Amino acid sequence: MSTLFAERFKSARLMNGFSLQDLSDQLKNKISKQALHKYEKGDVIPDSEMIGLLCDVLGVRPDYFFRDSQVKLGEIEFRKLKKLPVKEEQRIIEYAVDYLSRYIELEKLLNIDTQFVNPLKDWPPITSFSDVENAAAEVRKAWNMGSDAISNVIELLEDHHVKVIYINSGDAYDGMQTWVLDYHVPVIAINESKVKSDDRKRFTAMHELGHLLLPMPGKLAEKEKEKICHQFAAAMLFPAEALTNEVGNHRTRIHVRELGSLKKQYGISMQAIIMRAKDLGIITDAYCRQLFVFFKQMNWRVEEPVNYEGKESSNRFDQLIFRALAEEVISVSKAASLKNQKLAEFHQQSLLME
């Protein structure tokens with residue numbers, strides 16, 4: 001029991017990005033750094049009063065410290081702009097582990113098969129743009145998507161057993177992806193602090209899906225991998241058939257308002273549409289560069305003049321919670337535990353959702 005508490009205590013501390021001294025400070029020095037270290041080593045288990053204080057500061061329930069249904073993650077790849085501090089990487093990993101542990105436990109309680117089926121399992125290595133197009137078309141076919149616009153990317157991924165997590169983590173990375181070992185569950189995390197608009201969330205999610213699914217040649221440079229995943233994301237969001245139906249096979253000019261209209265319909269940025277049109281040979285490289293120069297002059301590279309108005313979230317976890325309650329698979333107290341909420345907080349949220 002002391003070993004379990006020690007491991008869970010450390011996880012909760014790392015999940016909050018606290019050092020032992022930070023935690024002592026948050027507890028207003030009611031307990032020293034040295035005493036907290038003894039908790040983490042498993043030498044001492046705190047009494048109920050101290051556990052209550054720890055829960056308040058660390059944002060967990062008391063049963064968190066004694067729950068051993070933890071998942072293990074595989075190798076984690078961050079799409080980052082600069083070096084991610086170790087402390088922040090640990091915080092993200094622990095947050096993901098906690099959320100995924102609760103999610104998979106809930107699915108097990110409901111006897112839901114969490115096994116992910118990779119549509120590209122036996123696919124040959126991606127070596128060309130046409131390979132990317134074919135791979136994206138295969139995924140859309142396997143998921144019965146046709147060539148229609150995707151109304152909610154996050155919901156689509158969750159429905160196909162890809163777990164998606166939103167995390168707030170500065171501006172060091174856009175997203176990350178990994179796998180839950182033993183369960184073969186793919187995981188995508190999106191950094192909402194950096195990826196704020198819904199069209200960018202959609203693109204980031206599909207980009208990370210590309211990293212998870214696409215078989216890359218062994219010694220491919222990181223820059224080339226990123227390019228391939230960008231192309232995959234664009235192909236998933238705006239299939240070639242749909243784009244040519246909308247704009248034609250060849251264009252010498254495309255109006256900004258036309259790009260904005262397509263962005264609103266397909267949930268992909270105007271600049272990604274420009275690159276997609278260039279990759280498909282609809283516009284020339286020279287005209288593509290000209291459009292990007294214009295966007296830079298207009299200060300539209302970060303914030304475009306037209307917004308995509310969609311809903312990029314999934315209610316699947318909450319839906320499963322209330323399904324388990326309705327089927328009397330879990331108690332209200334267990335539901336609150338799986339949500340990592342106090343009982344009163346869970347009751348209040350439940351009332352708001354009715």
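In what follows, the structure referred to is the one given above.
Residues numbered from 1 in each chain as written. Predicted model: local features only at pLDDT ≥ 70, side-chain atom pairs only at ≥ 80, totals over all residues. Heavy atoms only, no water.

Turning our attention to the nonpolar core. Leu157, Met206, Leu209, Ile268 and Ile283 are the most contacted members of the largest nonpolar core, which has 56 residues in total. In terms of residue count, the dominant contributor to this core is helix α9 (residues 222-237) (7 residues). Apart from residues lying up to four places away in sequence, methionine 206 is in contact with Ile150, Val153, Leu156, Phe232, Ala233, Met236 and Leu237. The next biggest cluster of nonpolar side chains, apart from the first, holds 33 residues, and it includes Ile92, Ile104, Phe317 and Ala324. (Core = buried A, V, L, I, M, F, W, Y, C linked by side-chain atoms within 4.5 Å. Buried < 20%, exposed > 50% of the residue type's maximum accessible area, 1.4 Å probe, protein only. Helix = DSSP H or I, 4+ residues; strand = E, 2+ residues; numbered from the N terminus. Contact = heavy atoms within 4.5 Å.)

Attention now moves to the layout of surface pockets. Empty space among the atoms can be located by rolling a probe the size of a water molecule over them. When its volume is computed, the largest pocket comes out at roughly 1000 Å³. Phe203, His230, Ser269, Gln271 and Ala272 are, among the 32 residues lining the largest pocket, the residues nearest its centre. Listed by contribution, the elements that provide at least two residues to the lining of the largest pocket are α8 (198-213), α9 and α12 (270-279). Classifying every residue of the lining of the largest pocket gives 9 nonpolar, 7 polar and 16 charged. Reported here for the second largest pocket is a volume of approximately 360 Å³. Lining the second largest pocket are 17 residues, and of these Tyr99, Val164, Tyr166, Ser314 and Phe317 lie nearest its centre. Those elements that place two or more of their residues in the lining of the second largest pocket are α5 (86-109), α7 (153-159), β2 (163-167) and α14 (316-326). With 4 residues, α5 is the single largest residue contributor to the lining of the second largest pocket. Residue classes in the lining of the second largest pocket are distributed as 8 nonpolar, 5 polar and 4 charged. (1 Å grid on protein atoms, 1.4 Å probe; cavity = no way out; pocket = protein on both sides within 12 Å on 5 of 7 lines; lining within 4 Å. Points joined across faces, edges and corners; volume = space filled by probe spheres on them. Nonpolar A, V, L, I, M, F, W, Y, C, P; charged D, E, K, R; others polar.)

All right, on to the packing of helix α10 (residues 240-247) against helix α11 (residues 256-266) then. Two numbers describe how α10 lies on α11: the axes approach to 12 Å, and their chain directions differ by 145°. α10 and α11 meet at a crossing whose hand is right-handed. Of the residues in α11, those touching α10 at Ala242, Glu246 and Val247 are Glu258, Leu262, Gln265 and Tyr266. For the contact of α10 with α11, a count of residues per class yields 4 nonpolar, 1 polar and 2 charged. (Axes fitted to C-alpha atoms, helices over the stretch in contact; angles between N-to-C directions. Left-handed = near helix turned anticlockwise from the far one by under 90°.)

With respect to the helices and strands, lysine 163 occurs in strand β2. The class of lysine 163 is buried, set by a relative accessible area of 0%. In terms of polar contacts, lysine 163 uses its side chain to reach the side chain of glutamate 107, at 3.3 Å. Ignoring anything within four residues of it in the chain, the contact list for lysine 163 reads Leu100, Tyr103, Glu107, Glu158, Val185, Pro186, Val187, Ile188 and Arg316. (Polar contact = N/O pair within 3.5 Å; in protein donor to acceptor, adjacent residues only side chain to side chain.)

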